[in-house]
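Structural overview
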Amino acid sequence: QVQLVESGGGLVQPGGSLRLSCAASGRTFSSYSMGWFRQAPGKEREFVAAIHWSGSGTYYANSVKGRFTISRDNAKSTVYLQMNSLKPEDTAVYYCAAREGGALTRSPSTYSYWGQGTQVTVSS
């Protein structure tokens with residue numbers, strides 16, 4: 001069992017930046033690949049980014065590539081999402097998720113554990 005807790009969300013102006021954190025507890029964090037997803041009102045949950053359990057590989061949705069960076073610190077059992085050049089369409093609840101193994105996938109159904117989410121609102 002893995003417990004995930006996100007933090008760092010908030011209100012930011014277009015063009016601004018935020019860094020989300022996801023702290024994990026429970027089983028060995030370093031054996032899990034991690035993903036970030038988001039869900040806007042009335043829309044399906046969508047993939048944002050994923051990172052290999054070793055930190056050696058990353059994968060991004062086209063909509064955030066070049067603006068968002070996923071990283072992890074296995075010593076702190078934490079995964080991060082640095083979000084720059086934020087746009088109003090980035091507004092959503094952001095979730096982190098964990099899956100065993102190294103494959104980087106974009107399908108929510110392949111992740112076993114989820115956090116409760118943190119709200120990100122991009123508005124002037």
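To start, this report covers the structure provided alongside it. (Residues numbered from 1 in each chain as written. Predicted model: local features only at pLDDT ≥ 70, side-chain atom pairs only at ≥ 80, totals over all residues. Heavy atoms only, no water.)

So, about the state of the cysteines. Disulfides are covalent bonds that link the sulfur atoms of two cysteine residues. A full pass over the atoms with the stated rule returns 1 disulfide. Two residues, cysteine 22 and cysteine 96, share a disulfide whose sulfurs are 1.9 Å apart. Judged by the sign of its S-S torsion, about 45°, the bond between cysteine 22 and cysteine 96 is right-handed. Of this pair, cysteine 22 sits in strand 3 (residues 18–26) while cysteine 96 is found in strand 9 (residues 92–100), placing the two residues 74 residues apart along the sequence. Side by side, cysteine 22 and cysteine 96 carry an identical accessibility label, which is buried. (Disulfide = S-S within 2.5 Å. Helix = DSSP H or I, 4+ residues; strand = E, 2+ residues; numbered from the N terminus. Buried < 20%, exposed > 50% of the residue type's maximum accessible area, 1.4 Å probe, protein only.)

So, on to the nonpolar core. In terms of nonpolar packing, the biggest core is built from 36 residues, with Leu4, Met34, Trp36, Leu81, Met83 and Tyr94 touching the most fellow members. In contact with methionine 34, not counting residues within four places along its chain, are Leu4, Cys22, Phe29, Ala49, Ala50, Ile51, Ile70, Arg72, Val79, Ala97, Ala98 and Tyr111. (Core = buried A, V, L, I, M, F, W, Y, C linked by side-chain atoms within 4.5 Å. Contact = heavy atoms within 4.5 Å.)

Going through the model one piece at a time under the given rule, you end up with 3 salt bridges. Put simply, aspartate 90 and arginine 38 hold a salt bridge, and the shortest N to O gap is 2.9 Å. Linking aspartate 90 in the loop between strand 8 (78–83) and strand 9 with arginine 38 in strand 4 (residues 32–39), this pair joins segments that are 52 residues apart in sequence. Of the two residues, aspartate 90 and arginine 38, neither departs from the other in class, the shared state being buried. Connected through shared salt-bridge partners, Arg38, Glu46, Arg67 and Asp90 make up one network. (Salt bridge = Lys/Arg side-chain N within 4 Å of Asp/Glu carboxyl O.)

Note on arginine 38: relative accessible area 6%, which makes it buried. At 2.9 Å, the side chain of arginine 38 and the side chain of tyrosine 94 are in polar contact. In this view, arginine 38 contacts Glu44, Arg45, Glu46, Val48, Ser63, Val64, Phe68, Glu89, Asp90, Ala92, Val93 and Tyr94; residues no more than four positions away in its chain are not counted. (Polar contact = N/O pair within 3.5 Å; in protein donor to acceptor, adjacent residues only side chain to side chain.)

Another aspect to go through is the sheet that holds strand 7 (residues 68–73). Sheet architecture is open: 4 strands sit in the order 1-3-8-7, paired in antiparallel fashion. The sheet terminates laterally at strand 1 (2–7) and strand 7, the two strands that pair on one side only. On average, each strand axis in the sheet is tilted by 15° relative to the strand beside it, whichever way the strands run. Bridge count between strand 7 and strand 8: 6 bridges; the pairing is antiparallel. The residue of strand 8 that forms the bridge with threonine 69 is glutamine 82. (Pairing = 2+ DSSP bridges. Axes fitted to C-alpha atoms, helices over the stretch in contact; angles between N-to-C directions.)

The next point concerns the packing of aromatic side chains. Two numbers describe a pair of aromatic rings. These are the distance of the centres and the angle of the planes. Enumeration according to the criterion identifies 6 aromatic pairs in this entry. Centroid distance phenylalanine 37 to phenylalanine 47: 5.7 Å. Interplanar angle 75°. Geometry classified as edge-to-face. Residue phenylalanine 37 is found in strand 4, and its partner phenylalanine 47 is found in strand 5 (residues 46–51); the two are separated by 10 residues along the sequence. There is no split in this pair, since phenylalanine 37 and phenylalanine 47 are both buried. Judged by centre distance (5.0 Å) and plane angle (35°), the rings of phenylalanine 47 and tyrosine 59 are tilted. Highlighted residues: phenylalanine 47 in strand 5 and tyrosine 59 in strand 6 (residues 58–60), separated in sequence by 12 residues. Put simply, the rings of Phe37, Phe47, Tyr59, Tyr111 and Trp114 touch in pairs and so form one group of aromatic residues. Here the guanidinium or amino end of arginine 45 rests over the ring plane of tryptophan 114, the centre of that ring lying 4.8 Å away. (Phe/Tyr/Trp six-rings, centres within 6.5 Å; stacked < 30°, edge-to-face > 60°. Lys NZ or Arg CZ within 6 Å of the ring centre and 35° of its normal.)

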